Amino acid sequence: MDLYFILSQVFGGVAVVFACLSYFCSKKNFLLIQICSNCFCAIGFLFVGSTIAFVLTLINAFRCVAFYFCQKYNFKYSYVYLIYFLACIVVATALLWEKPLDIMPFLTSVMFTIIYFLKNMQLTRYLTLIPNTILSVFSVLSKAYTNALLSVVEILFTIISIIIYQRKNRKKDLSKKEILQNNFEKENNDKNFSIFENRT
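On a predicted model such as this, the values are computed, not experimentally measured, just so you know.

Let's shift gears to the packing of helix α4 (residues 79-96) against helix α5 (residues 103-115). One can describe the packing of α4 onto α5 by two numbers: an axis separation of 10 Å at closest approach and a directional angle of 175°. Taken together, the axis directions place α4 and α5 in an arrangement best described as roughly antiparallel. Two secondary-structure elements touch here, α4 through Leu 82, Phe 85, Leu 86, Ile 89, Val 90 and Thr 93 and α5 through Phe 106, Ser 109, Val 110, Thr 113 and Ile 114. When grouped by side-chain class, the residues that make up the contact of α4 with α5 number eight nonpolar, three polar and no charged.

Taken together, the side chains of Arg 167, Lys 168, Arg 170 and Lys 171 present a region of like positive charge at the surface. Within the secondary structure layout, Lys 171 lies in helix α7 (residues 145-199). The class of Lys 171 is exposed, set by a relative accessible area of 64%.

The next subject is the packing of helix α3 (residues 51-72) against α5. At their nearest, the axes of α3 and α5 sit 10 Å apart, and the two run at 5° to each other. Here α5 runs roughly parallel to α3, going by the angle between their axes. For the pair α3 and α5, contact is made by Ile 52, Ala 53, Leu 56, Asn 60 and Arg 63 and by Pro 105, Phe 106, Ser 109, Phe 112 and Thr 113, respectively. Counted by class, the contact of α3 with α5 contains six nonpolar, three polar and one charged residues.

Thresholds, definitions, all that
Residue numbers restart at each chain and count upward from 1, following the sequence in its written direction. Local features in this predicted model are restricted to residues of pLDDT 70 or higher, and side-chain atom pairs are both shown and tallied only at a pLDDT of 80 or more, whereas totals for entire chains, interfaces and linings draw on every residue. Note that the side-chain values use all heavy atoms of the structure and ignore hydrogens as well as water. Simply put, an axis is a line fit to the C-alpha atoms, just over the touching stretch for a helix, and the angle between two N-to-C directions goes from 0 to 180 degrees. Runs of E in the DSSP output that reach at least two residues are strands. Runs of H or I that reach at least four are helices, and both are numbered from the N terminus. For classification purposes, angles smaller than 35 degrees are called roughly parallel, those larger than 145 roughly antiparallel, those between 65 and 115 roughly perpendicular, and all remaining angles oblique. Throughout, a contact is declared for two residues whenever any of their heavy atoms are within 4.5 Å. Residues are grouped as follows: nonpolar covers Ala, Val, Leu, Ile, Met, Phe, Trp, Tyr, Cys and Pro; charged covers Asp, Glu, Lys and Arg; every other residue, Gly included, is treated as polar. Patch rule: a residue counts if its relative accessible area is over 30% and it has no salt bridge; like charges are joined within 9 Å, and nonpolar side chains (Val, Leu, Ile, Met, Phe, Trp, Tyr) within 5 Å. Surface accessibility in these figures is a Shrake-Rupley result with a 1.4 Å probe; residues are shielded only by whichever protein chains are displayed. Salt bridges are identified by distance alone: a Lys or Arg side-chain nitrogen within 4 Å of an Asp or Glu carboxyl oxygen. As used throughout, the charge tally considers Lys and Arg to be positive and Asp and Glu to be negative, leaving His and the chain termini uncounted. Note that the charge is assigned to NZ on lysines, CZ on arginines, CG on aspartates and CD on glutamates. Any residue under 20% of the maximum accessible area for its type is buried, any over 50% is exposed, and the rest in between are partly exposed; the area is computed with a 1.4 Å probe on protein chains only.

Right under this line is the structure:
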């Protein structure tokens with residue numbers, strides 16, 4: 001067990017802490033803390049010798065920075081940003097490719113970039129499960145074990161958010177049905193009452 005391996009686990013562990021904190025803070029600070037998490041995750045990959053994962057994770061962090069400022073200053077996150085970051089990912093992969101395993105961080109970066117461009121939040125939640133799973137496998141194979149833990153944490157929080165969202169939707173649907181049922185019953189009662197009045 002060398003020093004680089006230990007440092008990789010330490011930085012990955014810090015990334016996990018930031019990732020957990022991001023889910024308990026306001027929407028305003030969520031992206032900022034996620035950016036910090038990505039940066040520490042990137043350094044964790046660097047210390048286990050995965051240069052391509054280090055660079056691609058930094059590109060993902062810069063993408064989050066761009067998205068943060070677009071939200072803060074009400075700029076439209078247009079297709080220009082999407083094409084730009086995809087081009088950066090492709091160029092970085094072409095320059096740093098070393099082994100077949102490097103296809104995994106490339107795919108996850110492309111997926112995350114496209115997924116976070118979508119406007120349907122529920123669909124986004126479901127789709128992020130795929131790249132996070134791939135990244136967790138890559139992290140284990142690269143011996144960046146705490147980075148793998150980070151992906152697992154992201155998956156768990158995503159599943160929890162999906163469950164919460166579905167429960168809220170069910171409650172809304174039930175309340176709508178109750179309102180419609182009450183209105184229907186009220187209309188029927190009014191009709192019956194008017195019929196009774198006419199007969200009398």
